[in-house]
Amino acid sequence: MGVALFTSPCWCAWGGLVVHRQYLRWVVYTAEDREFFRHEREQYPEMGGVPSIARQLIAEMEPVQDPETAVRLHPDWAGVRFKNGEWIFGRGFDSHWISAGRGTLVLKDSRGRVRVFFGHVCGDNAGLNWYTPNTHRSLDAFDQEYFSSGMFREWTPDP
């Protein structure tokens, strides 16, 4: 019985997760990320964020001018245009999965702001894909509802 327990497929899956985590830590994540995990992560709610992924997304989002272009250039992003003409687009990495950026959400809005949030990103793009112009009438209404839950905390990168 002991042999059956140690040769179980569960052990292989567990070992694969351990190897994947070490790969992320030493190959994908930067020194800034590892320092963040050591000293700052406790400031952010549940499974929150990866600085290097956030910086990469900021650089990719800054030149993009509208959600339609954003989604055309990056099909894994999501965007919505509100009834009043304001818009928002972004990319979020599901906190419940093993992706490198888990817990990271980066958004750009029609006011030109590119903002980073770390925390509980529930589903890819944190549900931006589910919003329609009828869900919120404006960017302010979106911000008020979306960020009032306390599931995210805004992160401002050092220059």
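None of these values were measured; they are calculated from a predicted model. Every chain begins its residue count from 1, and numbering advances along the sequence as written. Whole-chain, interface and lining totals are the exception, using all residues; otherwise, since this is a predicted model, local features are given only for residues with pLDDT of at least 70 and side-chain atom pairs are given and counted only at 80 or more. The side-chain figures draw on all heavy atoms in the structure; neither hydrogens nor water molecules are used.

J.: Whenever I open this one, the environment of Val114 confuses me. Can you help?
T.: Put simply, DSSP H or I for four residues or longer makes a helix, DSSP E for two residues or longer makes a strand, and each gets a number counted from the N terminus. Along the polypeptide, Val114 turns up in strand 4 (residues 114-119). Residues contacting Val114, with those up to four places away along its chain left out, are Ile58, Glu62, Val106, Leu107 and Lys108. Contact definition: two residues touch when any of their heavy atoms are within 4.5 Å.

J.: Looking at this structure, how should I read the pattern of salt bridges?
T.: Note that side chains of opposite charge can pair when their charged atoms are close. For this document, the term salt bridge refers to a Lys or Arg side-chain nitrogen within 4 Å of an Asp or Glu carboxyl oxygen. Here the structure, examined in full by the defined rule, presents nine salt bridges. A salt bridge links Asp76 to Arg91, with the nearest nitrogen and oxygen atoms 3.4 Å apart. Note that Asp76 is positioned in the loop between helix 5 (67-73) and strand 1 (78-81) and Arg91 in strand 2 (residues 87-92), a separation of 15 residues in sequence. Buried means the residue's accessible area, taken with a 1.4 Å probe over protein chains only, is under 20% of the maximum for its type, while exposed means over 50%, and partly exposed covers the values in between. Given the relative accessible area of 9%, Arg91 is considered buried. The closest approach of N and O atoms between Glu86 and Arg111, which form a salt bridge, is 3.0 Å. Placement of Glu86 in the loop between strand 1 and strand 2 and of Arg111 in the loop between strand 3 (104-109) and strand 4 is noted, with a sequence separation of 25 residues between them. On the accessibility criterion, Glu86 (17% relative accessible area) is buried. Where salt bridges share partners, they join Asp109, Arg113, Arg115 and Asp143 into one cluster.

J.: Just checking my understanding: could you explain the nonpolar core for this structure?
T.: The tendency in soluble globular proteins is for nonpolar side chains to be buried as a group. Residues enter a nonpolar core if they are buried and are Ala, Val, Leu, Ile, Met, Phe, Trp, Tyr or Cys, with the set joined through side-chain atoms within 4.5 Å. Residues Leu57, Trp77, Phe89, Val106 and Val116 are the most contacted members of the largest nonpolar core, which totals 20 residues. Of all elements in the fold, only helix 4 (51-61), strand 2 and strand 4 reach the threshold of two or more residues within this core. At five residues, the largest contribution of residues to this core is made by helix 4. With 15 residues, the next largest nonpolar core counts Ala78, Phe82, Leu105 and Leu139 among its residues.

J.: Whenever I open this one, the packing of aromatic side chains confuses me. Can you help?
T.: What describes a pair of aromatic rings is the distance from one ring centre to the other and the angle between the planes of the rings. Only the six-membered ring of Trp is used, alongside the rings of Phe and Tyr, when aromatic pairs are assigned; centres must lie within 6.5 Å, and planes under 30 degrees apart are stacked while those over 60 apart are edge-to-face, with the rest tilted. Applying the stated criterion to the full structure yields eleven aromatic pairs. Judged by centre distance (5.1 Å) and plane angle (70°), the rings of Tyr29 and Phe37 are edge-to-face. Ring centres of Trp77 and Phe89 lie 5.9 Å apart, and the angle between their planes is 10°; this geometry places the pair in the stacked category. Taken as a pair, Trp77 in the loop between helix 5 and strand 1 and Phe89 in strand 2 lie far apart in primary sequence, twelve residues in all. Across this residue pair, the class does not change: Trp77 and Phe89 are buried.

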